[in-house]
Number of protein chains: 4
Amino acid sequence: MPFRLEMKVRDYECDLQGIVNNSVYSNYLEHARHEFLHAQNIDFAQLAAEQIHLVVLRSEIDFKVSLVPGDHFYVEVVPVRLSRLKFAFKQRIFRRQDNKLAIDALVTGVAIDARGRPFLPADIDRVFTAGTV
Amino acid sequence: MPFRLEMKVRDYECDLQGIVNNSVYSNYLEHARHEFLHAQNIDFAQLAAEQIHLVVLRSEIDFKVSLVPGDHFYVEVVPVRLSRLKFAFKQRIFRRQDNKLAIDALVTGVAIDARGRPFLPADIDRVFTAGTV
Amino acid sequence: MPFRLEMKVRDYECDLQGIVNNSVYSNYLEHARHEFLHAQNIDFAQLAAEQIHLVVLRSEIDFKVSLVPGDHFYVEVVPVRLSRLKFAFKQRIFRRQDNKLAIDALVTGVAIDARGRPFLPADIDRVFTAGTV
Amino acid sequence: MPFRLEMKVRDYECDLQGIVNNSVYSNYLEHARHEFLHAQNIDFAQLAAEQIHLVVLRSEIDFKVSLVPGDHFYVEVVPVRLSRLKFAFKQRIFRRQDNKLAIDALVTGVAIDARGRPFLPADIDRVFTAGTV
């Protein structure tokens, strides 16, 4: 079973259309990725302090259903290895009340060392094993 | 020449990595789309007040170069018609100092009426003429 | 015992100083107020849809301790009646690990009807009884 | 004449009430403070990189008029010296169309060195001369 993070819409995340603003889903997805990594003993903030940066190369997001104030939802995170250095997160957000798919996303990343060069931390290698998108 | 919006990074938009947080680019892109639409006499907020919602169906963003505090940049917006009802914005963000491509994005949308059904406002039809992505 | 909401710092809420950005505390405080109101059967978003707006007149925030990535914290909310129409929320944020006071705030508000005039909804009258700040 | 920064409301800064969300004014105020400091050759981000942190101790904000989508406005910044180590910014936001006062704020801060102790950088001493709030 994939990693799952329970969350809830906050009113301030909604825009003048009365729904969660599109850019906020990127916040949700980032937070879920970092919580997923934490669960694997990888601390994004700690890595940044050590000049190791996990950076996003590309994001693809399909917006299926708009979340509204008060909605409970959960974010699923599935790690996928794309190549020797590149990894990705398959992420889906489901509305809690009816398990409807709200967001379907694929976020690709890479690790960068202090000199700005891509490299492969052992922890990333361990978590992102071969798989198919 | 495509529509172009000049902007500048604000410190609060940067995260603990010291660079603009990924989700903030979605804010930049949205703001540039709305300014582009304004320049075409289409007012997103006014439409929302009339229960006409322009909604994003999909976004694809390639992150090329990270913007940092104080960076000046500009966002280009090119309208593209995808089908009878669907339209898209090709959007690119360039760093001002060296015109380097920072963000390359394609954002697809549709207009929804008060009953939640896709439709084609005349203004949208006018602005998004046939083109290739 | 006062209303209390448990929360956790998310990495994207931190700025280039590596700590929670000051403006984010306003988000935390707003979310806690709205959750407090929900617990009293007052729905901010529903009221807004009915053209009844709860608006903030003034906020005073003392920043005592900076929260950092991963910190757990809780927000306390105490309702205070200031006058016939004005009400306030005494709000304090405590860091979970040592119960240290991080934020001490007083947020004053009023209800506005559809014509923009201050008035006193019965629910607000019920929740905000006389008290001292 | 005080320092003045011209800005414009962006749609994504507005919440489900259709007005600029309260916490966003803290963003505006911070950005104007940092631009004011830049104009005085003080770079907030650069200082942070050198482990010198300018931190906010207290903010008081009076919300007078709500800004809405498309509003142009300007932020005035006036430096005030409160004590040997403490300094403040008197900040006011005016709506451009009618010069109406939208926000009246006082933000108090202090500089912290790498060991977390308050101190007085020469640049801060220079900019924040004696004055009355």
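Residues numbered from 1 in each chain as written. Chains lettered and ligands numbered in written order. Predicted model: local features only at pLDDT ≥ 70, side-chain atom pairs only at ≥ 80, totals over all residues. Heavy atoms only, no water.

Some points on the interface of chain A and chain B
Each partner contributes residues to the interface: chain A has 21 residues there, and chain B has 21 residues. Summed over both partners, the interface of chain A with chain B buries about 2,000 Å², with 42% contributed by carbon and sulfur atoms. Ranking the residues of chain A by area buried against chain B places A:Gln17, A:Arg58 and A:Phe63 at the top, with a combined share of 26%. Along the contact surface separating chain A from chain B lie four salt bridges. Inspection of the region where chain A meets chain B yields 16 residue pairs in polar contact (both at pLDDT 80 or more). For the side of chain A that touches chain B, the element with the most residues is strand 2 (residues 53-63) of chain A, which contributes 10 residues. (Contact = heavy atoms within 4.5 Å. Buried area = accessible area lost by both parts, 1.4 Å probe. Salt bridge = Lys/Arg side-chain N within 4 Å of Asp/Glu carboxyl O. Polar contact = N/O pair within 3.5 Å; in protein donor to acceptor, adjacent residues only side chain to side chain. Helix = DSSP H or I, 4+ residues; strand = E, 2+ residues; numbered from the N terminus.)

Focus on the packing of helix 1 (residues 22-39) of chain A against helix 1 (residues 22-39) of chain B
As a packed pair, helix 1 of chain A and helix 1 of chain B sit with axes 8 Å apart at the nearest point and diverge in direction by 175°. Our classification of the angle between helix 1 of chain A and helix 1 of chain B gives roughly antiparallel. Seen from helix 1 of chain A, the contacting residues are A:Ser23, A:Ser26 and A:Asn27; seen from helix 1 of chain B, they are B:Ser23, B:Ser26 and B:Asn27. Residues that form the contact of helix 1 of chain A with helix 1 of chain B fall into these classes: no nonpolar, six polar and no charged. (Axes fitted to C-alpha atoms, helices over the stretch in contact; angles between N-to-C directions. Parallel < 35°, antiparallel > 145°, perpendicular 65-115°, else oblique. Nonpolar A, V, L, I, M, F, W, Y, C, P; charged D, E, K, R; others polar.)

Here's the deal with the relation of the copies chain A and chain B
Overlay of chain A on chain B (RMSD 0.0 Å): rotation 180°, translation along the axis 0.0 Å. With respect to symmetry, the two chain copies, as superposed, fit the operation of a two-fold axis. Residue A:Glu60, judged by its C-alpha, is the member of chain A lying nearest the rotation axis, at 2.2 Å. Take the interface residues of chain A: 100% of them recur as interface residues in chain B, which is what a same-surface contact looks like. (Least-squares fit on C-alpha atoms with pLDDT ≥ 70 in both.)

Some words on the pattern of salt bridges
Taken as a whole and judged by the stated rule, the model has 48 salt bridges over all chains. Across the pair C:Asp123 and C:Arg126 runs a salt bridge whose closest N-O atoms are separated by 3.2 Å. Of this pair, C:Asp123 and C:Arg126 both sit in helix 3 (residues 122-127), three residues apart, which is roughly one turn of the helix. Its salt-bridge partner being D:Glu60, residue D:Arg58 comes within 3.0 Å of it at the nearest N-O pair. Judged by relative accessible area, which is 21%, D:Arg58 ranks as partly exposed. Taking relative accessible area as the criterion, D:Glu60 reaches 21% and is therefore assigned partly exposed. Sharing partners across several salt bridges, the network here consists of A:Arg58, A:Glu60, A:Asp62, B:Arg58, B:Glu60 and B:Asp62. (Buried < 20%, exposed > 50% of the residue type's maximum accessible area, 1.4 Å probe, protein only.)

What about the confidence of the model for chain A?
Looking at chain A, pLDDT values average 95 and 97% of them are 70 or higher. The ipTM for the predicted assembly is 0.95, set against a pTM of 0.96. (pLDDT = per-residue confidence, 0-100.)

Topic: the state of the cysteines
A covalent bond between the sulfur atoms of two cysteines is what we call a disulfide. Following the criterion strictly, the structure yields zero disulfides over all chains and no others. Take A:Cys14: it sits in no disulfide, and the sulfur closest to it among the cysteines is that of D:Cys14, at 13 Å. For A:Cys14, a relative accessible area of 1% translates into the label buried. (Disulfide = S-S within 2.5 Å.)

Some thoughts on the side chain of A:Asp15
Tracing the chain through its elements places A:Asp15 in the loop between strand 1 (3-8) and helix 1. Buried and unpaired, A:Asp15 has no salt bridge, with B:Arg33 as the nearest side chain of opposite charge at 8.8 Å. Look past the residues within four positions of A:Asp15 in its chain and what remains in contact with it is A:Asn21, D:Cys14, D:Asp15 and D:Leu16. (Lys, Arg positive; Asp, Glu negative; His and termini not counted.)

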